[in-house]
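Structural overview
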Amino acid sequence: MPDMSAVDYIAIGVILLIVGAAAFYIIRAKARGEKCVGCPYAKECGGKCGSCHHSKKEK
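Residues numbered from 1 in each chain as written. Predicted model: local features only at pLDDT ≥ 70, side-chain atom pairs only at ≥ 80, totals over all residues. Heavy atoms only, no water.

Attention shifts here to the overall build of the protein chain. What the protein chain contains, in helices and strands, is 2 helices and 0 strands. Counting over 59 residues, the protein chain shows a buried share of 19%. Accessible area of the protein chain: about 5,100 Å², with a carbon and sulfur share of 67%. (Helix = DSSP H or I, 4+ residues; strand = E, 2+ residues; numbered from the N terminus. Buried < 20%, exposed > 50% of the residue type's maximum accessible area, 1.4 Å probe, protein only. Areas by Shrake-Rupley, 256 points an atom, 1.4 Å probe, with all protein chains shown as cover.)

On the surface, a nonpolar cluster with roughly 420 Å² of combined accessible area is contributed by M4, Y9, I12 and L16. Mapped onto the elements, M4 comes out in the segment before α1 (6–31). (Patch = residues over 30% accessible without salt bridge, like charges linked within 9 Å, V, L, I, M, F, W, Y side chains within 5 Å. Salt bridge = Lys/Arg side-chain N within 4 Å of Asp/Glu carboxyl O.)

For the protein chain, per-residue confidence averages 79 on the pLDDT scale, and 68% of positions sit at 70 or higher. In this model, residues 54–59 is a region of pLDDT below 50 whose contacts with residues beyond four sequence positions or in other chains number 10 contacts. (pLDDT = per-residue confidence, 0-100. Contact = heavy atoms within 4.5 Å.)

Along an α-helix, a turn takes 3.6 residues, which lines up residues three or four apart on a common side. The first and last C-alpha atoms of α1 sit 37 Å apart over 26 residues, in line with the 38 Å expected at 1.5 Å per residue. G33 lies just past α1 and shows a positive phi near 100 degrees. (Expected span 1.5 Å × (residues − 1).)

Time to look at the environment of K30. As for its position among the elements, K30 is in helix α1. Assessed through its relative accessible area of 45%, K30 is described here as partly exposed. Beyond its immediate stretch of four places on either side in the chain, K30 contacts K35 and V37.

Looking now at the environment of G38. For G38, the position within the fold is in the loop between α1 and α2 (42–45). Exposure remark for G38: the relative accessible area of 77% places this residue in the exposed category. Taking the C-alpha atoms as reference points, G38 and I26, separated by 12 residues in sequence, lie 9.4 Å from one another.

This is the structure in structure tokens:
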């Protein structure tokens, strides 16, 4: 197995930072009560607007 250089460690760190930030954002949004995190009206619509993915499941 070849040795990893400093660039490899930096790349792994950046990827972990991006994934961690995305997970933190999703967890915080769910804690605020947003049903559809990607929906621009996530807090108001409650998953029943036409643009949400949940609208067909909850009928």
